[in-house]
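# Chains, contacts and geometry: an overview
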Amino acid sequence: MQYLGIEYNMKHTPKLDPQFVPFGVWRTAYLKDAKKPIAIAVERDKGRVSVHHTCIHGTPEMAEADYRYVERYVKFLLWSIGGFRVSVCGCSELAQRLKKAYDPKGERHFDFTFFNQLYERDLEIVDLPLEDCPAANEVAEPIGGNLDGCRIGFDAGGSDRKVSAVIDGEAVFSEEVVWFPKTNADPKYHYDGILQAMKTAASHMPRVDGIGVSSAGVYVDNRIMIASLFLKVSDEDFDKYVKNMYLDVAKEIGENIPVEVANDGDVTALAGAMDLEDDSVLGVAMGTSEAGGYVDEQGNITGWLNELAFVPVDFCKNAMVDEWSGDYGCGVKYFSQDAVIKLAPAAGIALDEGLTPAEKLKAVQALAEGGDERAKDIFRTIGAYLAHTVPLYEMTYDIRHLIVLGRVASGVGGELIVGECCRILQEEYPALAQKVQVMLPDEKFRRVGQSM
């Protein structure tokens, strides 16, 4: 196979997506003849800097491949690690071209705006000689996992919300409620839904000692900085009513109750590390979107962004474009309910356009549970996506356990995803297959485990 002049090998092409060009696999082939060293340093809050050394070809005939590789790599680092300053060291031509891309009017304008909102400063691309590359400064943080007392866990999904009441580590109550946060512009809708869920959970316990919240998005000091659940809420209402919403709801449950708000991917990884009693855990939650979280080899969180939904996994320029970011080949279209819906026509399955995305997923899942091979092929294709993406995730994350959670992983679909992923890893990436255990928790945990 060839793409942008690079020959790469892939034995197992995803059945329903033959044009798929896995970034990690293409990158390995690209680097075989790349000899010019460069470095990419990404700086984020608290003076933390992540430095990554790589190589490019540096020849006129490979100029487009060089740019596309570095552009995709920078995007991968920004969304996995996070940052407001990217230093491209060792190739001024690429640095200058990236400056134009990461601009309010450039091809990566969504990314520019996102990180501007997150860090409250403009995303900056810096052109530096290789010898002036900033020094790395990584600091991980110990993560909790306390289960004593009476606690509420709330998981805010894009199609349903889940809440659990937990007493001394045992869930005494859990429920799922369908809601539509992404299509509601009135933040009162979100507030009332969250408050109702927490009050319901509180009614099953003698008291509330703590509240934990899992949700897609980015949170700083338990404040909501960016979250797709509030997609329709105006900027003015977001600043006024949304940023402190979880803190405000907690006050209604009781005064001085500790509350912790975390990205749902980090909660996935924490839950997995606690369940496995091991570390080096990458959690991937396949739901309305794709969420990622990571617990390192020391049992700490890295402080990284881990927004895998926007990480590029498919190098093919003809890949489906994400409506929100306006970019192609990003994880959200491969590891979420969007992937199931995207693949349905290729599988020969016509879905009622009047259904919500969650209902479309359930329709395909029902077919798969009934033995429909067309529906099963959808989940096998997602499993192939995952197998070919493990080498990409391994670029940054040291993984011993990759845990698959979320609505898409429910039932036979999840078993097909993991089964196909493990099969391809064994046959095509045997070293990774020995190192990385891809797994599912039990069915209940897959659906409501993050809230528990």
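### A short note on the overall build of the chain
- Each helix and strand in the chain was counted, giving 14 helices and 19 strands.
- Counting only C-alpha atoms, the chain reaches 70 × 50 × 40 Å along its principal axes.
- Evaluated residue by residue, the chain yields a buried proportion of 59% over its 452 residues.
- For the chain, long-range pairs separated by at least 24 residues make up 69% of all intrachain contacts whose partners lie at least 6 apart in sequence.
- Surface accessibility of the chain: about 18100 Å² in total, with carbon and sulfur atoms responsible for 49%.
- The average position of the 46 basic charges and that of the 70 acidic charges among the side chains of the chain differ by 3 Å.

### A short note on the side chain of S228
- One can find S228 in the loop between β13 (223-226) and α6 (235-242).
- Under the relative-accessibility criterion, S228 is labelled buried at 12%.
- Those residues in contact with S228, other than ones at most four positions away along the chain, are K182 and W324.

### What about the pairing of β13?
- Pairing analysis gives 3 bridges linking strand β12 (residues 218-220) to β13, with the strands arranged antiparallel. If you follow V220 over to β13, its bridge partner there is R223.
- In this antiparallel pair of consecutive strands, β12 and β13, the connection spans 2 residues, and D221 shows a positive phi of 55 degrees.

### Description of the sheet that holds strand β14 (residues 259-263)
- What the 5 strands build is an open sheet, ordered β10-β9-β8-β11-β14; its pairing is mixed. What marks the edges here is a single partner per strand, and that holds for β10 (170-178) and β14. Strand-to-strand twist in this sheet, taken as the mean axis angle between neighbours without regard to direction, amounts to 15 degrees.
- Each of β8 (150-156), β9 (160-167), β10 and β11 (210-215) is contacted by helix α5 (residues 187-202), which is oriented at about 25 degrees to β9, the strand it contacts most.
- Across the sheet, helix α7 (residues 245-253) is in contact with β8, β11 and β14; its angle to β11 comes to roughly 150 degrees.

### With respect to the environment of G299
- Structurally, the position occupied by G299 is in the loop between β16 (290-295) and β17 (300-301).
- On a C-alpha basis, the gap between G299 and H52 in space is 22 Å, while along the polypeptide they are 247 residues apart.

### Looking at the side chain of E420
- Note on placement: E420 falls in helix α12 (residues 411-428).
- With relative accessibility at 16%, the residue E420 sits in the buried group.

Conventions used here
Residues numbered from 1 in each chain as written. Predicted model: local features only at pLDDT ≥ 70, side-chain atom pairs only at ≥ 80, totals over all residues. Heavy atoms only, no water. Helix = DSSP H or I, 4+ residues; strand = E, 2+ residues; numbered from the N terminus. Buried < 20%, exposed > 50% of the residue type's maximum accessible area, 1.4 Å probe, protein only. Contact = heavy atoms within 4.5 Å. Areas by Shrake-Rupley, 256 points an atom, 1.4 Å probe, with all protein chains shown as cover. Lys, Arg positive; Asp, Glu negative; His and termini not counted. Charge placed at Lys NZ, Arg CZ, Asp CG, Glu CD. Pairing = 2+ DSSP bridges. Axes fitted to C-alpha atoms, helices over the stretch in contact; angles between N-to-C directions.

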